[in-house]
Amino acid sequence: MEFLKVIAFTHHHIDLKSLGKLVICDENLEGRLKNIQSQLNISEIFYIGTCNRVEFVFLTKERTDKAFIAKFMQVLDMGLAPEFMERFLDTLTLYENEDAFNHLLRTSCSLESLIVGEKEILAQVRRAYENCRDAGFTGDHMRLIMDRVVKTAKEVYTHTNISKNPVSVVSLAYRKLRELQMCGNSRILMIGAGETNQNIAKYLNKHKFSNFSIFNRTFSKAEALATELNGKAFTLDELEHYTEGFDVIITCTGATEPILTKGLYSKLLNGDTGKKVIVDLAIPNDTAPEVVHDFPIHYIEVESLKEIARKNIQERYTELVHAEQIIAQNTEEFEKVLKQRRIELAMRQVPIKIKEIKQTAINGVFADEINQLDESSRELLEKVMCYMEKKYISVPMVMAKEILVKNA
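Basis of the calculations
Residues numbered from 1 in each chain as written. Predicted model: local features only at pLDDT ≥ 70, side-chain atom pairs only at ≥ 80, totals over all residues. Heavy atoms only, no water. Helix = DSSP H or I, 4+ residues; strand = E, 2+ residues; numbered from the N terminus. Polar contact = N/O pair within 3.5 Å; in protein donor to acceptor, adjacent residues only side chain to side chain. Contact = heavy atoms within 4.5 Å. Axes fitted to C-alpha atoms, helices over the stretch in contact; angles between N-to-C directions. Parallel < 35°, antiparallel > 145°, perpendicular 65-115°, else oblique. Left-handed = near helix turned anticlockwise from the far one by under 90°. Core = buried A, V, L, I, M, F, W, Y, C linked by side-chain atoms within 4.5 Å. Buried < 20%, exposed > 50% of the residue type's maximum accessible area, 1.4 Å probe, protein only. Pairing = 2+ DSSP bridges. Arc of directions from axis to C-beta.

K.L.:
Tell me about the side chain of Thr-64, residues and numbers included.
P.N.:
Relative to the elements of secondary structure, Thr-64 occurs in the loop between β3 (53-60) and α3 (66-76). Here Glu-96 takes part through its side chain, which lies 2.6 Å from a polar atom of the side chain of Thr-64. Apart from the residues lying within four places of it in its own chain, the contact partners of Thr-64 are Lys-5, Phe-58, Ile-69, Leu-94 and Glu-96.

K.L.:
I'd like a description of the packing of helix α9 (residues 195-206) against helix α10 (residues 219-229), backed by residues and values.
P.N.:
Remark: α9 packs on α10, axes separated minimally by 10 Å, with the N-to-C direction vectors making an angle of 15°. With respect to each other, α9 and α10 are oriented roughly parallel. Crossing handedness for the pair α9 and α10: right-handed. Along the contact surface, α9 presents Gln-198, Ala-201 and Asn-205, while α10 presents Leu-225, Glu-228 and Leu-229.

K.L.:
Got a sec to walk through the nonpolar core? Specific residues and values, please.
P.N.:
Ranked by internal contacts, the top residues of the largest apolar core, which has 63 residues, are Phe-9, Phe-46, Phe-56, Phe-72 and Ile-145. Per-element tally for this core: the top contributor is helix α7 (residues 140-159), with nine residues. Phe-72 has contacts with Ile-7, Ile-36, Leu-40, Ile-42, Ile-45, Phe-56 and Phe-58, leaving out every residue within four places of it along the chain. By size, the runner-up hydrophobic cluster in this structure holds 28 residues, among which are Leu-172, Met-190, Ala-201 and Val-279.

K.L.:
Can you lay out the sheet that holds strand β9 (residues 276-280) for me, pointing to particular residues and giving the numbers?
P.N.:
Pairing is parallel across the open sheet formed by six strands, whose spatial order is β7-β6-β5-β8-β9-β10. Of all the strands in the sheet, just β7 (232-235) and β10 (297-301) have a single pairing partner and so form its edges. Taking each pair of neighbouring strands and ignoring which way they run, the sheet shows an average axis angle of 15°. The sheet strands contacting helix α13 (residues 302-318) are β9 and β10, and the helix crosses β10 at an angle near 55°.

K.L.:
Tell me about helix α15 (residues 350-365), and name the residues and values.
P.N.:
Taken together, the buried positions of α15 are occupied by Pro-351, Ile-354, Lys-358, Ala-361 and Ile-362. For α15, the arc enclosing every buried residue in end-on projection is 90°, short of the 170-degree limit, so these residues lie on one face. For α15, exposure combined with an orientation more than 90 degrees from the buried face picks out Asn-363 and Val-365.

Limitation: the analysis is restricted to geometry and does not speak to function.
Shown next, in the form of structure tokens:
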């Protein structure tokens, strides 16, 4: 892990709006990384850019002091005003050597995420590395590091509960809805077309729910969401005249007073006496208390979901101990992997040299004697030489690895 460095700008020390100024678009990335490599003696590098972090992972023998980092940012040429540059230099975190490796492991295992246990970060780090690898910015050393990073993250996600329980209100609401075993053609009436309803609609659409009616104050937003869901769009004013019935109401608006009043709910039922489902994700609630009290409904509301989310987050944090143990074990194992790789690289000339010795012996030193042998004797000699060649190559490798294991 010697020479591994990470320059990190994350949500821990900088607001997300400012962080956006450091994001590098795909078309500019290659040129900027080439400049960094050529001007700063960096052998391998890749860039991670997400909504919560911008990081540069690289290998260099240079001393990464404040002057190095300032030049690094200057060469990047992000077009930042001097006051912004100073601010970013003050808020970055530099990780070196084993600390850098540990940071990569913790990041990919989502221990450093805004929400602990979000598995998307592993895919983001992996994709960032692969993009730079394919562009020629990384080599053998970074390959070994990333192999271990991916292995460790998979073990954490598999052998701990750090990502098992959902912590977003939307995912919890969808899970509650699925527990009611609604069929795919259930009539779903959505009130509001904002981000929350858009997100829950993605879950529903993904799992083949297909019967949607969308109501929103701004018709164009209702229409846009209805198009995605292959549903029908209406203005909010049309809600009280809606007579096509429903099985589920999902509501989330910015209204300060309940939208689903007792009178409106009675109209929407249109004489139906069956038990319905209301998913109310608004704050304050869009559903009047008397609707919950007076009608047979399964009521899923945001406050109870928030409490479940808080408990799930706490459970995820209790899993940090197990995740840290897996990380520590993989760090220890990786030290051995690196030592073994160093031996392999140091001894990669052994096969070439042995083959050269063999050819010199056959074609030079003992050429006359060999030429006097009959065909069967030459074939036997060749077999013996090939056998010896393989042993002279493999035995030193095996012995070196055994010595490494014993010393470890």
